[in-house]
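Each chain is listed here by its residues.
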Amino acid sequence: MGYMFFYGRLDENSVKFAAAPEKLKTRGGSPNQGVAFNNVNNRIYVVSDDVLTSIPVDKLTAGTATPDDVNYSVFQSKREWECLAFDSQGYGHLLALWPAELMKSTAPLN
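Since the structure is predicted, the reported quantities are computational estimates derived from the model, not experimental observations.

Q: How should the nonpolar core be read in this particular structure?
A: What tends to happen in soluble globular proteins is that the nonpolar side chains get buried as a cluster. Judged by nonpolar contacts, Phe-5, Ala-20, Leu-24, Ile-44, Val-46, Ile-55, Val-57, Leu-60, Ala-65 and Val-70 together constitute the single largest core of 10 residues. At the level of elements, β2 (15-24), β4 (43-48) and α1 (57-62) are the ones that each hand at least two residues to this core. With residues up to four places along the chain from it excluded, the contact list for Phe-5 reads Ala-18, Ala-19, Ala-20, Leu-24, Val-35, Ile-44, Val-46 and Leu-60. Counting residues in hydrophobic clusters, the runner-up holds 9 residues, among them Tyr-45, Val-47, Leu-84 and Leu-94.

Following this line, the structure appears as structure tokens:
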């Protein structure tokens, strides 16, 4: 059980993917609403309602991640979170519902 991640390259000439040797066995929230990648801090984020779970990509792909590498950010918005995206500076942009709103973090996410 858990989340298995795949990494690789997709371009106009080839497709190459491999499974990361580590799985994310638990996440902080339910249901899973999406996955996002922050290129600035090199972390993958699993988006759940009111919970962001993140793990460093380099440790995930190397198979060296430990429970201490997994970060959980818990909120109390009581809203449905749909997706997360990051801009080139690492600011998070979160789409929430009920009511619909696009929010931007006040600082780049770590």
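The structure having been displayed, the exposition proceeds.
Q: I tried to follow the sheet that holds strand β8 (residues 92-97) on my own but got confused; where do I start?
A: Backbone hydrogen bonds hold the strands of a sheet together, and the pairing may be parallel or antiparallel. The strand order across the open sheet formed by 3 strands is β7-β8-β9, and the pairing between neighbours is antiparallel. Only two strands of the sheet have a single partner each, and these edge strands are β7 (80-86) and β9 (101-104). Here the average twist between neighbouring strands, direction ignored, is 20°. Note: β7 against β8, 6 bridges, orientation antiparallel. Bridge pairing in β8 places Trp-81 opposite Ala-96.

Q: Which parts of the structure should I look at to understand a nonpolar patch on the surface?
A: A contiguous nonpolar patch, built from Met-4, Phe-6, Leu-10, Val-15 and Phe-17 and spanning about 570 Å² of accessible area, is present on the exposed surface. Those elements that place two or more of their residues in the nonpolar patch are β1 (3-10) and β2. It is β1 that provides the largest number of residues to the nonpolar patch, a total of 3 residues.

Q: Help me understand the confidence of the model for the protein chain in this model?
A: Interpretation of this model should avoid reading the predicted coordinates in detail wherever pLDDT is low. Looking at the protein chain as a whole, the pLDDT averages 88, with 95% of positions reaching at least 70. Least confident of the elements in the protein chain is β1, whose mean pLDDT is 86; most confident is β8, at 93.

Q: Can you walk me through the packing of aromatic side chains in this structure?
A: The geometry of two aromatic rings is summed up by the distance between their centres and the angle between their planes. Taken as a whole and judged by the stated rule, the model has 2 aromatic pairs. Residues Tyr-45 and Phe-86 carry aromatic rings whose centres are separated by 4.9 Å and whose planes lie at 40° to one another, so their mutual orientation is tilted. Remark: Phe-86 occurs in strand β7 and Tyr-45 occurs in strand β4; sequence separation between them is 41 residues. Judged by relative accessible area, which is 3%, Tyr-45 ranks as buried. On the numbers, 5.2 Å between centres and 50° between planes, the contact of Phe-75 with Trp-81 is tilted. For Phe-75, a relative accessible area of 39% gives the class partly exposed. One cation-aromatic arrangement involves Lys-104 over Tyr-91; the distance from NZ or CZ to the ring centre is 4.7 Å.

Q: Looking at this structure, I do not really get the layout of surface pockets. What am I missing?
A: Here the idea is plain: a probe the size of a water molecule rolls over the atoms and shows the empty space left. Its boundaries defined by the atoms lining it, the largest pocket holds a volume of some 320 Å³. Lining the largest pocket are 17 residues, with Leu-52, Phe-75, Trp-81, Ser-105 and Leu-109 positioned closest to its centre. Put simply, the parts of the chain that give the lining of the largest pocket at least two residues each are β5 (51-56), β6 (71-74), β7, β8 and β9. When grouped by side-chain class, the residues that make up the lining of the largest pocket number 9 nonpolar, 7 polar and 1 charged. Roughly 190 Å³ of volume is contained in the second largest pocket. For the second largest pocket, the lining is made up of 11 residues, of which Lys-23, Leu-24, Lys-25, Pro-67 and Val-70 are closest to its centre. Looking at which element gives the most residues to the lining of the second largest pocket, the answer is β2, with 3 residues. Residue composition of the lining of the second largest pocket, by class: 6 nonpolar, 2 polar and 3 charged.

The rules behind each value
- Residues numbered from 1 in each chain as written.
- Predicted model: local features only at pLDDT ≥ 70, side-chain atom pairs only at ≥ 80, totals over all residues.
- Heavy atoms only, no water.
- Core = buried A, V, L, I, M, F, W, Y, C linked by side-chain atoms within 4.5 Å.
- Buried < 20%, exposed > 50% of the residue type's maximum accessible area, 1.4 Å probe, protein only.
- Helix = DSSP H or I, 4+ residues; strand = E, 2+ residues; numbered from the N terminus.
- Contact = heavy atoms within 4.5 Å.
- Pairing = 2+ DSSP bridges.
- Axes fitted to C-alpha atoms, helices over the stretch in contact; angles between N-to-C directions.
- Patch = residues over 30% accessible without salt bridge, like charges linked within 9 Å, V, L, I, M, F, W, Y side chains within 5 Å.
- Areas by Shrake-Rupley, 256 points an atom, 1.4 Å probe, with all protein chains shown as cover.
- Salt bridge = Lys/Arg side-chain N within 4 Å of Asp/Glu carboxyl O.
- pLDDT = per-residue confidence, 0-100.
- Phe/Tyr/Trp six-rings, centres within 6.5 Å; stacked < 30°, edge-to-face > 60°.
- Lys NZ or Arg CZ within 6 Å of the ring centre and 35° of its normal.
- 1 Å grid on protein atoms, 1.4 Å probe; cavity = no way out; pocket = protein on both sides within 12 Å on 5 of 7 lines; lining within 4 Å.
- Points joined across faces, edges and corners; volume = space filled by probe spheres on them.
- Nonpolar A, V, L, I, M, F, W, Y, C, P; charged D, E, K, R; others polar.

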